Amino acid sequence: MTSHAESAKADVSFQLQRLATGQLVLTDANGQAHAGVVPVRAFPLAAPDEGISLVSTEGHELAWIEHLQALPVAMRTLLQEELALRDFVPEISRLQSVSTFGTPSVWTVDTDRGVTSFILKGEEDIRRLGRNALLIAGSEGVQYSVRDMTALDRASRRLLERFL
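Definitions and limits used
Residues numbered from 1 in each chain as written. Predicted model: local features only at pLDDT ≥ 70, side-chain atom pairs only at ≥ 80, totals over all residues. Heavy atoms only, no water. Pairing = 2+ DSSP bridges. Helix = DSSP H or I, 4+ residues; strand = E, 2+ residues; numbered from the N terminus. Axes fitted to C-alpha atoms, helices over the stretch in contact; angles between N-to-C directions. Contact = heavy atoms within 4.5 Å. Phe/Tyr/Trp six-rings, centres within 6.5 Å; stacked < 30°, edge-to-face > 60°. Buried < 20%, exposed > 50% of the residue type's maximum accessible area, 1.4 Å probe, protein only. Core = buried A, V, L, I, M, F, W, Y, C linked by side-chain atoms within 4.5 Å.

**Focus: the sheet that holds strand β7 (residues 105-111)**
One open sheet accounts for 3 strands, arranged β6-β7-β8; its pairing is antiparallel. Edge positions in the sheet fall to β6 (92-98) and β8 (114-120), since each has one partner strand and no second. Strand-to-strand twist in this sheet, taken as the mean axis angle between neighbours without regard to direction, amounts to 30°. Pairing between β6 and β7: 5 bridges, direction antiparallel. Paired with S97 across the strands is T108, a residue of β7. Where helix α3 (residues 154-161) meets the sheet, its contacts fall on β6 and β7, and the angle it forms with β6 comes to roughly 65°.

**So, the packing of aromatic side chains**
In this structure the tally under the stated criterion is 4 aromatic pairs. With a centroid separation of 5.7 Å and 35° between ring planes, the pair formed by W107 and F118 is classed as tilted. Pair noted here: W107 is in strand β7 and F118 is in strand β8, with a separation of 11 residues, a long-range link. Each member of the pair, W107 together with F118, is buried.

**Looking at the nonpolar core**
Grouped together as the largest cluster of nonpolar side chains are 18 residues, with contacts concentrated most on I92, L95, W107 and I136. Examining the composition of this core, we find that 3 residues originate from one element, β6, more than from any other. Discounting residues that sit within four places of it in the chain, I92 has contacts with V109, D110, T111, F118, I136, Y144, S145, V146 and L152. One finds F14, L16, I52 and L71 within the second-largest nonpolar core, a separate group that totals 15 residues.

These values are about where atoms sit, not about what they do.
Printed below as a string of structure tokens:
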């Protein structure tokens, strides 16, 4: 009897490679190549390694991957690298300053990627994820996470509470 992961490995009906330009190319079971394929997670926070769609430049789904771990190692590694580039979400560890308690406001924060500043356009750009976690959308499109508000220092929590 084969496990689910083993049977899924045998069912991969496409090939995936990266061009020198950095684009992903999916070659389907009919031998047709699709350049510029983008992997998209169905559940990026709840189940990041499950339900991944490979989407064409026109927005059409070309392949569905039920479980990332079921893929051959080379293909899985390629997709994990591509997803890491797309999933740039710095984690905020401290709020240094906020320009004003209204919006828009400039936030200067310490993250796991260094110190940065971003503009918070509106309070609706702060989204609760569970009881203590937040996802904050900066105006330039970068998403910042706060995994646990209670773990922030007191000054950071006070600044943040003004917007919640």
